[in-house]
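Summary of the model geometry
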Amino acid sequence: MAEPSAQPGRECVLCPPLRFRINAMAHLPGEASVLARDRDFLLMPDVAPLADGHLLLVTREHRQCAGDFDERLWDRALRWRDRVARLYLHAYGTGELLLFEHGPALSQGGGACIDHAHWHFLPGAPGVRAVVEEQGLPGAPAGHAALRARFRTGRSYLLIEERGTATVHPGDGVRGQFLRWAVAAALDGGPERETALAGGTWRWQQTFGLPDSRRRFLRTLRALRRAVSALDGPSPRDQRDDSHQ
Ligand SMILES: [Zn+2]
Ligand SMILES: [Zn+2]
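Cut-off values and rules
Residues numbered from 1 in each chain as written. Chains lettered and ligands numbered in written order. Predicted model: local features only at pLDDT ≥ 70, side-chain atom pairs only at ≥ 80, totals over all residues. Heavy atoms only, no water. Core = buried A, V, L, I, M, F, W, Y, C linked by side-chain atoms within 4.5 Å. Buried < 20%, exposed > 50% of the residue type's maximum accessible area, 1.4 Å probe, protein only. Helix = DSSP H or I, 4+ residues; strand = E, 2+ residues; numbered from the N terminus. Contact = heavy atoms within 4.5 Å. Phe/Tyr/Trp six-rings, centres within 6.5 Å; stacked < 30°, edge-to-face > 60°. Lys NZ or Arg CZ within 6 Å of the ring centre and 35° of its normal. Donors = N, O, S within 2.8 Å, 3.2 Å for Na, K, Ca; no water. Tetrahedral: all angles 85-135°; square planar, octahedral: opposite > 155°, others 65-115°. Expected span 1.5 Å × (residues − 1). Arc of directions from axis to C-beta. Pairing = 2+ DSSP bridges.

In the annotation of an unreviewed UniProt entry, the protein is listed under the name HIT domain-containing protein and assigned to Actinomadura nitritigenes.

Here's what the structure looks like:
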């Protein structure tokens with residue numbers, strides 16, 4: 001289990017004891033916002049959702065990125081991806097799913113805000129790959145081997161899966177939270193894009209805890225909790241969490 005990169009940083013906000021610190025700062029449910037879990041992963045809403053349904057799949061143990069996953073963990077992560085797709089179909093009526101990861105080979109690489117492996121999920125297919133390629137970052141077919149090779153040679157990456165196709169893009173030197181920007185740009189589209197983005201609302205630090213962001217978080221939590229219960233049946237844990245709301 002213990003790999004050199006599996007050093008839990010005490011200051012990591014996705015590891016205990018700080019894991020739900022940001023939720024607490026925004027007066028949002030923390031532990032109770034975990035929609036589902038197994039021995040490897042936690043599934044929960046992003047604390048500053050870019051759209052309704054924005055979720056994070058987070059490793060329970062500290063890992064740098066998915067390029068750092070072994071074969072077993074990678075397979076588990078893909079099964080979680082499929083489960084999220086089923087949840088989205090139930091909650092939002094779309095079979096489309098966007099997956100993205102800023103894969104930091106080095107600290108803050110790939111524009112990562114947090115150096116702890118996490119996959120972002122959103123319902124729909126807003127066209128993020130096109131936005132990233134417009135920025136001069138061409139994609140290559142992506143899988144576990146491609147991410148691992150980049151990670152092992154110290155190259156950060158951007159992973160995008162959209163419309164069932166996964167691509168990996170160069171992540172070295174991109175600005176902070178570049179992929180969040182790209183998603184916001186794809187979602188906004190059109191001529192309003194520049195004004196919508198000028199405020200920097202794609203940076204999670206600028207929106208978490210604001211009224212719209214909190215409402216979106218809570219809507220996401222409600223919609224997906226219902227989907228989890230409908231598809232998996234309520235677990236004793238979920239019922240206990242509900243009673244706290
Ligand atoms: Zn961590
Ligand atoms: Zn992230």
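Following the structure, the description resumes.
1. Considerations on the nonpolar core
Among the nonpolar cores identified, the biggest contains 39 residues, and Leu 55, Phe 69, Trp 119 and Phe 121 are the most heavily contacted of them. Elements with a minimum of two residues in this core: strand S2 (41–45), strand S3 (55–59), helix H2 (71–92), strand S4 (97–103), strand S5 (118–123), helix H4 (144–152), strand S7 (157–162) and helix H8 (211–232). Look past the residues within four positions of Phe 121 in its chain and what remains in contact with it is Gly 53, His 54, Leu 55, Leu 57, Arg 81, Val 84, Tyr 88, Leu 97, Leu 98 and Leu 99.

2. Some remarks on the packing of aromatic side chains
Applying the stated criterion across every chain yields a total of 6 aromatic pairs. Where Trp 119 meets Phe 121, the ring centres are 6.5 Å apart and the plane angle is 85 degrees; that geometry is what we call edge-to-face. Assessed through its relative accessible area of 0%, Phe 121 is described here as buried. Cation over ring: Arg 175 sits above Trp 181, and NZ or CZ is 4.7 Å from the ring centre.

3. Quick look at the coordination of the zinc ion (ligand 1)
Looking at the zinc ion (ligand 1), the protein donor atoms are Cys 12 (SG), Cys 15 (SG), His 62 (ND1) and His 116 (ND1), and they sit 2.0 to 2.4 Å from it. Between the 4 donor atoms coordinating the zinc ion (ligand 1), the angles at the centre fall across 103 to 120 degrees, so the site counts as tetrahedral. In primary-sequence terms, the residues that donate to the zinc ion (ligand 1) follow C-x2-C-x46-H-x53-H. Linking Cys 15 in the segment before helix H1 (21–25) with His 116 in the loop between S4 and S5, this pair joins segments that are 101 residues apart in sequence.

4. Structural notes on H2
The end-to-end C-alpha separation of H2 is 31 Å, in line with the 32 Å expected for 22 residues at 1.5 Å each. Here H2 has its buried residues at Leu 73, Trp 74, Ala 77, Trp 80, Arg 81, Val 84, Leu 87 and Tyr 88. For H2, the arc enclosing every buried residue in end-on projection is 125 degrees, short of the 170-degree limit, so these residues lie on one face. What points out from H2, more than 90 degrees from its buried face, is the exposed set Glu 71 and Arg 79. Immediately beyond the C-terminal end of H2, within one or two residues, lies Gly 93, with a positive phi of roughly 70 degrees.

5. Remarks on H4
An α-helix turns once every 3.6 residues. As a result, residues three or four positions apart point the same way. Taken together, the buried positions of H4 are occupied by His 144, Leu 147, Arg 148, Arg 150 and Phe 151. Each buried residue of H4 lies within a common arc of 165 degrees when the element is viewed along its axis, so the set occupies one face. Exposed positions of H4 whose direction lies more than 90 degrees from the buried face are Ala 145 and Arg 152. Summarising the contacts, the buried residues of H4 are in contact with H2, S4, S7 and strand S8 (165–170). Among the residues trailing H4, Gly 154 stands out with phi positive, at a value near 75 degrees.

6. Examining the pairing of S2
The buried fraction of S2 is high, at 5 of 5 residues. Judged by which residues are buried, S2 turns out to be covered on both faces: Phe 41, Leu 43 and Pro 45 on one side and Leu 42 and Met 44 on the other are all buried. Hairpin connection, strand S1 (residues 36–37) to S2: the antiparallel pair is bridged by 3 residues. As paired strands, S2 and S3 are joined by 5 bridges and run antiparallel to one another. Paired with Pro 45 across the bridge in S3 is Leu 55.

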